[in-house]
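Overview (structure and organization)
The residues making up each chain are set out below.
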Amino acid sequence: MKIKDELINLNQQKQKGWFKQFWSNLYRSIFRYGKIPQDAEGQSYAVFNNLFLHIHPVKVSRHSLKFSYTFGLGIIAAILFLILTFTGVWLMFYYFPSATEAYNRMLDLRSSVDFGFVLRNVHKWAAEAMVVVVILHMARVFFTGGYKPPREFNWMIGVVLLLLTLGLSFTGYLLPWDQLAFWAITVGTSIAGYAPIIGEPLRKFLLGGDTVGQEALIRFYVLHVVILPGLMVIFMAIHFWRIRKDGGLSHPSENEPTKKGNSR
Amino acid sequence: MREIDTKQVFTKDANKTYGLMELVKGTKPTVGLQPDDMVFTWPHLLIRELVLFVVVTAFLLVSAFFFDAPLEEIANPNHPPNPAKAPWYFLGLQELVSYSAFIGGVLVPTFIVVILMLVPFIDRKKIGIGKWFAKERSFANGIFLTFLIIMLILIIVGTYFRGPNWEFVIPWETGGLH
Amino acid sequence: MKKNYTRTKPPEIDRRKFLTSLGWTGVGLSTLIASIGNLLYLKPAIDYGPPTLLRVGKPEDFKEGIKEIFETERVAVIRDKKGFAAISLTCTHLGCTIRTSEMGFECPCHGSQFDNDGFVTGGPAPKTLDWYQVAIAPNGELEIDKSIKITPGTYFKV
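For every chain, the first residue of the written sequence is number 1, and numbering continues from 1 along that sequence. Note on labels: chains are lettered from A, ligands numbered from 1, in written order. Only residues with pLDDT of 70 or above have their local features reported here, since the model is predicted, and side-chain atom pairs are shown and tallied only from 80 upward, although totals for entire chains, interfaces and linings are computed over all residues. Derived side-chain values reflect all non-hydrogen atoms in the structure, with water molecules and hydrogen atoms excluded from consideration.

So, about the overall build of chain C. Each helix is a run of H or I in the DSSP string that is no shorter than four residues. Each strand is a run of E no shorter than two, and both are numbered from the N terminus. For chain C, the helix and strand inventory stands at 1 helix and 10 strands. Mapped in sequence order, the helices and strands of chain C form the string α-β-β-β-β-β-β-β-β-β-β. For the exposure calls, accessible area comes from a 1.4 Å probe over protein chains only, and a residue counts as buried if that area is under 20% of its type's maximum, exposed if over 50%, partly exposed in between. The buried share among the 158 residues of chain C stands at 32%. Contacts are residue-level and defined by heavy atoms, with any inter-residue pair within 4.5 Å sufficient. In chain C, the share of contacts with a sequence separation of at least 24, taken over all contacts with a separation of at least 6, comes to 38%. Only the protein chains shown count as cover for residues, and all accessible areas are computed by the Shrake-Rupley method using a 1.4 Å probe. With the model as given, the accessible surface of chain C reaches about 10,600 Å², and the carbon-plus-sulfur share is 57%.

What follows concerns unusual backbone geometry. Look at the link from Pro149 of chain A to Pro150 of chain A: it is a cis peptide, with omega at 5°. Mapped onto the fold, Pro150 of chain A is located in the loop between helix H8 (116-143) and helix H9 (152-174). At the junction of Trp42 of chain B and Pro43 of chain B, the peptide bond is cis and its omega measures out at 10° in the coordinates. The topology assignment puts Pro43 of chain B in helix H2 (residues 41-66). Its identity as a non-glycine residue notwithstanding, Ile197 of chain A has a phi of 60°, on the positive side. Positionally, Ile197 of chain A belongs in the loop between helix H10 (179-192) and helix H11 (199-207). The exposure class of Ile197 of chain A is exposed, given its relative accessible area of 80%. The residue Phe133 of chain B is not glycine, and still its phi comes out positive at about 45°. Looking at where Phe133 of chain B falls in the secondary structure, it is placed in the loop between helix H4 (101-122) and helix H5 (138-160).

If you look at the interface, chain C gives 14 residues, while chain A gives 13 residues. Note on definitions: buried area is the accessible-area loss of two parts on being combined, 1.4 Å probe, summed for both. The junction of chain C with chain A conceals about 1,100 Å² of combined surface from both sides, 65% of it contributed by carbon and sulfur atoms. Of all residues in chain C, Leu42, Pro44 and Leu94 of chain C give up the largest surface area on contact with chain A, accounting jointly for 44% of the area buried on that side. Each reported salt bridge corresponds to a side-chain nitrogen of Lys or Arg within 4 Å of a carboxyl oxygen of Asp or Glu. Linking chain C to chain A there are 0 salt bridges. Its residues assigned to classes, the side of chain C that touches chain A shows 7 nonpolar, 5 polar and 2 charged. Put simply, Ala, Val, Leu, Ile, Met, Phe, Trp, Tyr, Cys and Pro go in the nonpolar bin, Asp, Glu, Lys and Arg in the charged bin, and everything else, Gly too, in the polar bin.

This next bit is on the confidence of the model for chain B. For every residue, the predictor states its confidence as a pLDDT score lying anywhere from 0 to 100. Per-residue pLDDT for chain B has a mean of 82; in total, 77% of the residues score no lower than 70. The least confident element of chain B, judged by mean pLDDT, is helix H1 (residues 6-9) of chain B at 50; the most confident is H2 of chain B at 94.

Our focus in this paragraph is helix H6 (residues 73-92) of chain A. Any helix carries an expected span of 1.5 Å times its number of residues minus one. Its 20 residues give H6 of chain A an end-to-end C-alpha distance of 28 Å, which sits within 8% of 28 Å, the value for a rise of 1.5 Å per residue. Along H6 of chain A, the positions that sit buried rather than exposed are Leu73, Ile76, Ala77, Ala78, Ile79, Leu80, Phe81, Ile83, Leu84, Thr87, Gly88 and Leu91 of chain A. On its buried side, H6 of chain A packs onto helix H5 (67-70), helix H7 (102-111), H8 and helix H12 (214-245) of chain A together with H2 of chain B.

Structural data, given as structure tokens:
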């Protein structure tokens, strides 16, 4: 249906009741092009007139939709990040970054708060899954040659995203303040301390002191809930944007033709 | 060539339902050689994303109901567990640290990150793109697969085969350390 | 007749280039200074942890050859013929708290072993345990300063 026709259509709706008309006007002011798009024009507008959908191109190649090509790993990683953001913000309502209080809050989440254990468990398992999925996604891109020109930069952004994922997981590890958390972070930051010159300052920087304590908890908390997720969002935006700028997912048609006679 | 009248190029035609959206640099249109290769994002991609979202969420909810996230006793700086382990993804590095602190803690991680960053600049030949384990690039794939398998083995050894005093143990003989 | 204007030496850099590079230098320097300021802000300036100075008792309370352990402070005080020593109980390998053993000290996390002076005798630990400075406080007690590390093997004589 042409836009002009739609507009004419709108003007001719005067015979409707006032509420129906208001409702229709309201709906049209938000979604200009009908409900479920039926034709090519509607399908195009549906994607590029919607803030949340317009990160997609209007059309994608069949090859990139094949599940056996990507296993949906990139999208799963993004979905996990969304779930982690949601559950993480919800957990913040009860969490308290204090060496004396944090552990009690974990017990409260488990026993007293309604659905507290679900949010904590989902957050934990989604975090573990995200590390695995991001590594698998990187393996997928490598094994299909997806890092080759023009996608060099996006591969590098991907490496940064992997490091951020590890950083988020590591900083989150300390927050429950149990034995597992305390000693994993003690050991982990000591490993960082072995780097020449910057190692020891970096360790002190992360811990806010010589040993894991209250200062380390507050630093890890700020990194975990603000700084690293913020960086993650920025780099994810660049990553997604570059997929489109680099011409979508890698595709066999990008291969340079080999020598004559060698037709593959 | 030099004097493009931009007003001309971007003129709106009231009879057209399409407009110029963006200019993309490239030697050929990305639409592909065969027109059949492209499908609409709505519904083909969006429905897949929705399905993935539902599946992932359902999977996490089910796991959350059946498996509790671990929570040990409150942190006590005076009583280290034996052995003390880093998060699982760092256990490969910790395994290396137990041989040499410098190699495991500094050299290997730095090397891995630098090499990963440089991968697309080392291997630039546009062959074997868009295909799993293409024969043309079995060498590169082989190296990366070996790297992944070595890291996986180190992580498994660090997670399951290291007991008290970081000594080598066989998990099923010591009655399930983990 | 055509006049020939020749410069003896062309200017190496013209004004526009000079001012541009001056501008960029300014931007670069301010960014650098701002970054340093931010990093300095984040550098742990105050030690909120347990106090670094601790008094452990009169020298005569310690018996020769016995390692006195102060668990929460992570310090072992040793009396020897040579004098007193305060050795850190934080493992130099990966930061675990170590405990005494027959031979000296051992780390329960990853099996590092140390002798009575904190020198490594086995396991993955890369270096000797830290030695802290020992002094006599005005009230006659031994005072250990955990913020000052001294060369391992230097005993404090009363």
